[in-house]
Each structure stands twice: as C-alpha cells, then as structure tokens.
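What follows is each chain in one-letter form.
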Amino acid sequence: MTTEPTNPTGTIQPATPYALLKAAPVPDRTAPNRRTTPDHTFEMRFTSTPRGARLARRLAAVRLDVWGIPYGTAPHDAIVLILGELTANAVQHGHVPGRDFHLRLHAALDGRTVRVEVTDTRTERHPHCPVIPEGATDAEETGRGLLLVSHLATRWDWHPRPDGPGKTVWAECLVPSRVQW
C-alpha cells in the first residue's frame, strides 16, 4: 500500500525564523527573587559552503536586529561584515571535506560588546596578521578580509579548537550606544 503525499512537490514550508526570534524570554516562576535575563547567544553549525556562509550571515543579521542592534546602523553593518569575512574564510581556507563550520555570536548583557567566533576543522592553516600585499591594486577583490576585520573590530585573534582539530577565529566589536535588553 502506498500513501500519497499531501503536497505533490514534496516540499514543506518552514516556520518563519524571525517570528520565533521575537519570542520573549519565559520568566522563571520557581525563583521569584531572581531576575531573569535573556540569553544573547546564537550558535549554529553550517555547511562549509558559500551557501552556508551566506545563511550564517543572514541569520546573524536577524538576531542582531532582535537584540536591539537594528539594520542599517553602523554597528550592525560592521558586525555583519566581520561575520561575513570570517565565515567566508572558514569556507575558503578552513574547509575540510565533510566537515561543517561553527558560528557563535554573543552580545554581552551590558549591550556594549558583541563577539563573533567562527570555528573550522582545518588545523594546518592559521590566520596571519593582515597586511596589504605588495603590488596589490585597488581592483583586486580578494585578500583583504582580515584587513577589514582588523579595522572594524575592536580586537580579533585566533586560538586552537579545544575539543578537536581546527581553530576558532574571533572578533569583538564595541557598540557605541548602550543597547537595552
């Protein structure tokens, strides 16, 4: 006996992630004396492909907007650009076949610092302090990602991945105006 699918194309429309992100934190009713604060951390694994990097950038942009760093502001644009460069580098230089990259975006509760961490599984390639290569022209479109990160971020660095092969490249940005959670 065969069953006919209700949808002939076999596709299912996913729930709108933006609506899910807007949900208010659930207060802790068991501890009335404790003040609950929302968790401002977004973590997810993405396929190590240009499509995965693009999806990571888009989801992070939505999350920043929900956290009170709105679209079109300088901090939002800088953080999304940094995140885009780090995820593109993870795909291009940190790709290991069959392995994903991990993104972690965290905003401090005081609303002044946002940290972007991108972890890949490639051990032998490490980021170097960015410099403009000799003979580089303004028309070249590659080779300046970490240079952009170093100018836009308050600080950045990398460290070996503690729980397996690979590395984590991170950057922190100061948000000039205090965001109220």
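Please refer to the structure higher up on the page.
Residues numbered from 1 in each chain as written. Predicted model: local features only at pLDDT ≥ 70, side-chain atom pairs only at ≥ 80, totals over all residues. Heavy atoms only, no water.

Looking at a nonpolar patch on the surface
Reasoning step 1: Together, Leu81, Leu148 and Leu152 make up a nonpolar patch on the protein surface, roughly 220 Å² of accessible area in all.
Reasoning step 2: Looking at the secondary structure, you find Leu152 in helix H4 (residues 145-152).
Reasoning step 3: Residue classification places Leu152 among the partly exposed residues on the basis of a relative accessible area of 36%. (Patch = residues over 30% accessible without salt bridge, like charges linked within 9 Å, V, L, I, M, F, W, Y side chains within 5 Å. Areas by Shrake-Rupley, 256 points an atom, 1.4 Å probe, with all protein chains shown as cover. Salt bridge = Lys/Arg side-chain N within 4 Å of Asp/Glu carboxyl O. Helix = DSSP H or I, 4+ residues; strand = E, 2+ residues; numbered from the N terminus. Buried < 20%, exposed > 50% of the residue type's maximum accessible area, 1.4 Å probe, protein only.)

Observations concerning the pairing of strand E2 (residues 101-107)
Reasoning step 1: Here E2 shows a clear split, with Phe101, Leu103, Leu105 and Ala107 buried on one side and none of His102, Arg104 and His106 buried on the other.
Reasoning step 2: In terms of strand pairing, strand E1 (residues 41-46) meets E2 through six bridges, oriented antiparallel. Across the sheet, the residue bridging to Met44 is Leu103, located in E2.
Reasoning step 3: As defined by bridge partners, E2 adjoins strand E3 (residues 113-120) across six bridges and the pair is classed as antiparallel. Each bridged residue has a counterpart across the sheet, and for Arg104 the counterpart in E3 is Glu117.
Reasoning step 4: Hairpin connection from E2 to E3: five residues lie between these consecutive antiparallel strands, with Gly111 at a positive phi of about 75 degrees. (Pairing = 2+ DSSP bridges.)

A look at a positive patch on the surface
Reasoning step 1: A surface patch of like charges, here positive, comprises Arg51, Arg54, Arg57 and Arg58.
Reasoning step 2: Tracing the chain through its elements places Arg54 in helix H2 (residues 50-66). (Lys, Arg positive; Asp, Glu negative; His and termini not counted. Charge placed at Lys NZ, Arg CZ, Asp CG, Glu CD.)

What about the side chain of Lys167?
Reasoning step 1: Summarising the element assignment, Lys167 is placed in strand E5 (residues 167-174).
Reasoning step 2: Within polar-contact distance, the side chain of Lys167 engages the side chain of Asp120 at 2.8 Å.
Reasoning step 3: In terms of polar contacts, Lys167 uses its side chain to reach the backbone carbonyl oxygen of Arg122, at 2.9 Å. (Polar contact = N/O pair within 3.5 Å; in protein donor to acceptor, adjacent residues only side chain to side chain.)

Some words on the side chain of Thr119
Reasoning step 1: In this structure, Thr119 sits in strand E3.
Reasoning step 2: Among the polar contacts made by the side chain of Thr119, one reaches the side chain of Thr168 at a distance of 2.7 Å.
Reasoning step 3: The contacts of Thr119, once residues within four sequence positions are left out, are Phe101, His102, Arg161, Lys167 and Thr168. (Contact = heavy atoms within 4.5 Å.)

Here's the deal with H2
In an α-helix, one turn spans 3.6 residues; hence positions three or four apart end up facing the same way.
Reasoning step 1: For H2, built from 17 residues, the straight-helix expectation of 24 Å at 1.5 Å per residue is met to within 8% by its first-to-last C-alpha distance of 25 Å.
Reasoning step 2: All of the buried residues in H2 are Gly52, Ala53, Ala56, Ala60, Ala61, Val62, Arg63, Leu64 and Asp65.
Reasoning step 3: Gly68, located one to two residues past H2, shows a positive phi value of around 100 degrees. (Expected span 1.5 Å × (residues − 1).)

Points about the packing of helix H3 (residues 74-92) against H4
Reasoning step 1: Where H3 meets H4, the axes come as close as 9 Å, and the angle between the chain directions of the two elements is 150 degrees. Between H3 and H4, the angle is such that the two are roughly antiparallel. For the pair H3 and H4, the crossing hand works out as left-handed. Across the interface between the two elements, Ala78, Leu81, Ile82, Glu85, Leu86 and Asn89 of H3 pack against Gly145, Leu146, Leu148, Val149 and Leu152 of H4.
Reasoning step 2: The class makeup of the residues in the contact of H3 with H4 is eight nonpolar, two polar and one charged. (Axes fitted to C-alpha atoms, helices over the stretch in contact; angles between N-to-C directions. Parallel < 35°, antiparallel > 145°, perpendicular 65-115°, else oblique. Left-handed = near helix turned anticlockwise from the far one by under 90°. Nonpolar A, V, L, I, M, F, W, Y, C, P; charged D, E, K, R; others polar.)

Description of the packing of H2 against H3
Reasoning step 1: Relative to each other, H2 and H3 sit at 155 degrees, their axes nearing to 9 Å. Taken as axis vectors, H2 and H3 run roughly antiparallel relative to one another. At the point where H2 passes H3, the crossing takes the right-handed sense. Contact residues: Pro50, Ala53, Ala56, Arg57, Ala60, Ala61, Leu64 and Asp65 in H2; His76, Ile79, Val80, Leu83, Gly84, Thr87, Ala88 and Val91 in H3.
Reasoning step 2: Among the residues forming the contact of H2 with H3, the class breakdown is eleven nonpolar, three polar and two charged.

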